[in-house]
Amino acid sequence: MSLPAVLLAAGPSPSPSGSQTPSVTVPTLQDAQESATNAASWIEQNWSTWLAIGLRVLLILVIATVLRVAVRRAITKLIDRMTRTVQAVDGTALGGLLVNAERRRQRSQAIGSVLRSVASFLILGTAALMVLATFDINLAPLLASAGVAGVAIGFGARNLVTDFLSGVFMILEDQYGVGDTIDAGVASGEVIEVGLRVTKLRGDNGEIWYVRNGEVKRIGNLSQGWATAGVDVTVKTSEDLDRVKATLDAVAETMGKEEPWNELLWSPIQVLGLDSLLIDSMVVRVSARTMPGKSLTVERELRWRIKRAFDAADIRIVGGATAPAEDEVPDPSASVAAPSAFANSTSAQAQAATPLVPPPSSSK
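Model, not experiment: these values are computed from the prediction.

Draft legend 1. Representation of the packing of aromatic side chains. Across all of its chains, the model carries 0 aromatic pairs by this definition. One residue, Arg289, lies across the ring of Trp226, its end atom 3.8 Å from the ring centre.

Structure representation (structure tokens):
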């Protein structure tokens, strides 16, 4: 009997025990050829879909890149045009009155930065969502998660968001800029830098204030439009009002014709009349419109001229004589002491203060 017949008669071989190592099946050439055939057929069936998806993603990325570059370049050209307009006006009389080059430059740069950032975020974000949609990814959970995360971040960083939004609207509305003198409530001074989150102010004593844009509830801009210079002149009620008004009118007319006050004054100096009337004094109000930020300078010069004019006209101001006082004859009784009851020896006060005299002793 042959060996194969013996093996068949013996039955199946026993399975190996757990301690024995299983035999490794080596793929044959036919198996490899079958796997390659299956892979080639799968690729052949799906290559058109892959190619379409790849071309769609590539087209989205190219369009997003070109659109982003075009939009950013357009914004940059717009900002450059605004800067060139400021430089063209700067140096002229109109530019000196209405335009602050540094203020407009920083404002233009801030607006350009905000616009470029917003444009990039919108274009790239939209492109990313379109690419994900190309791969048939469900965007609903992603958008919901992004919404929840945005709400959480908004609550956590609400002060930062408030500062940023306030800075954006402040710059867009041109509420103030570099060189302006403002009163922000929490601090006041000259604006030296404007940012989207913080505004820097230079105080009257040289200190620098960092004011968060979100904390500013109201702003008083002292450098826009025009300012008012007001001087109160206090004189005695005995002075002639017509002479006081004539002196003030002469001072106003002279000051309005001289350099550089004729440029700083945007309206004639007016004597408004009596502002208040008391028993021993009266206040005359003098006012004028000036260039923004120059009211204090005009007030100081106006007080100086009024004082000199009143000295020449012998008009006295309450609080000190503006002209030499007349020599008064001294009162001779001023150096004499007041009469006293002790000066009369017969008065009751003098007798009560007289020391007692001891009685004389009797001789033996």
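Having seen the structure, we can now continue with the description.
Draft legend 2. Structural context of the nonpolar core. Ranked by size, the top nonpolar core spans 25 residues in total, and within it Val233, Leu248, Ile269, Val298, Leu302, Ile306 and Phe310 carry the most contacts. Those elements that provide at least two residues to this core are β6 (227-235), α7 (241-257), α8 (261-264), β8 (282-290) and α9 (295-313). Once you skip the residues sitting within four places of it in the chain, Ile306 turns out to touch Val231, Val233, Leu248 and Val251. Grouped together as the second largest cluster of nonpolar side chains are 14 residues, Ile111, Ile171, Tyr176 and Val194 included.

Draft legend 3. View of the pattern of salt bridges. Under the definition given, this model contains 12 salt bridges. One salt bridge connects Glu301 with Arg305, and the closest N-O pair in it is separated by 2.8 Å. With Glu301 and Arg305 both in helix α9, this residue pair falls 4 residues apart, about one helical turn. For the pair Glu301 and Arg305, one class covers both residues: buried.

Draft legend 4. Geometry of the sheet that holds strand β3 (residues 198-202). Ordered in space as β4-β3-β2-β1-β5, the 5 strands form an open sheet in which the pairing is antiparallel. Every other strand in the sheet has two partners, leaving β4 (208-212) and β5 (220-221) as the edge strands with one partner each. Of the pairings in the sheet, the one linking strand β1 (residues 181-183) to β5 comprises 2 bridges and is antiparallel in character. Residue pairing across strands places Ile182 opposite Asn221, the latter belonging to β5.

Draft legend 5. A look at the sheet that holds β8. Here we have 3 strands laid out as an open sheet, ordered β6-β8-β7, and antiparallel in their pairing. Two strands lie at the open edges of the sheet, namely β6 and β7 (270-277), each paired on one side alone. Geometrically, the sheet is characterised by an average inter-axis angle of 25° between neighbouring strands, direction not taken into account. Relative to β8, β7 is paired through 6 bridges, and the arrangement is antiparallel. Within β8, the position partnered with Leu277 by the bridge is Met282. Where α9 meets the sheet, it contacts β6 and β8, and its direction lies at approximately 25° from that of β6.

Cut-offs used in this document
- Throughout this document, residue positions are counted from 1 along each chain, in the order its sequence is written.
- In keeping with the predicted nature of the model, local features appear solely for residues at pLDDT of at least 70, side-chain atom pairs appear and are counted solely at 80 or more, and the whole-chain, interface and lining totals rest on all residues.
- Water and hydrogen atoms were dropped before computing side-chain values, which therefore reflect all heavy atoms in the structure.
- When the centres of two rings from Phe, Tyr and Trp lie within 6.5 Å, Trp using its six-membered ring, the rings pair. Their planes under 30 degrees apart give stacked, over 60 give edge-to-face, and anything left gives tilted.
- Working rule: Lys NZ or Arg CZ, within 6 Å of ring centre, within 35 degrees of ring normal, means a charge sits over the ring.
- The criterion is simple. A nonpolar core is a set of buried Ala, Val, Leu, Ile, Met, Phe, Trp, Tyr and Cys residues joined through side-chain atoms within 4.5 Å.
- We call a residue buried when its accessible area falls under 20% of the maximum for its residue type, exposed when it is over 50%, and partly exposed in between, using a 1.4 Å probe and counting protein chains only.
- Runs of H or I in DSSP of at least four residues are treated as helices and runs of E of at least two as strands, each being numbered from the N terminus.
- By definition in these notes, contact holds between two residues if any of their heavy atoms fall within 4.5 Å.
- For this document, the term salt bridge refers to a Lys or Arg side-chain nitrogen within 4 Å of an Asp or Glu carboxyl oxygen.
- In short, DSSP must find at least two bridges between two strands for them to pair.
- Helix axes use the C-alpha atoms of the stretch in contact, all axes being lines fitted to C-alpha atoms, and the angles between their N-to-C directions lie in the range 0 to 180 degrees.

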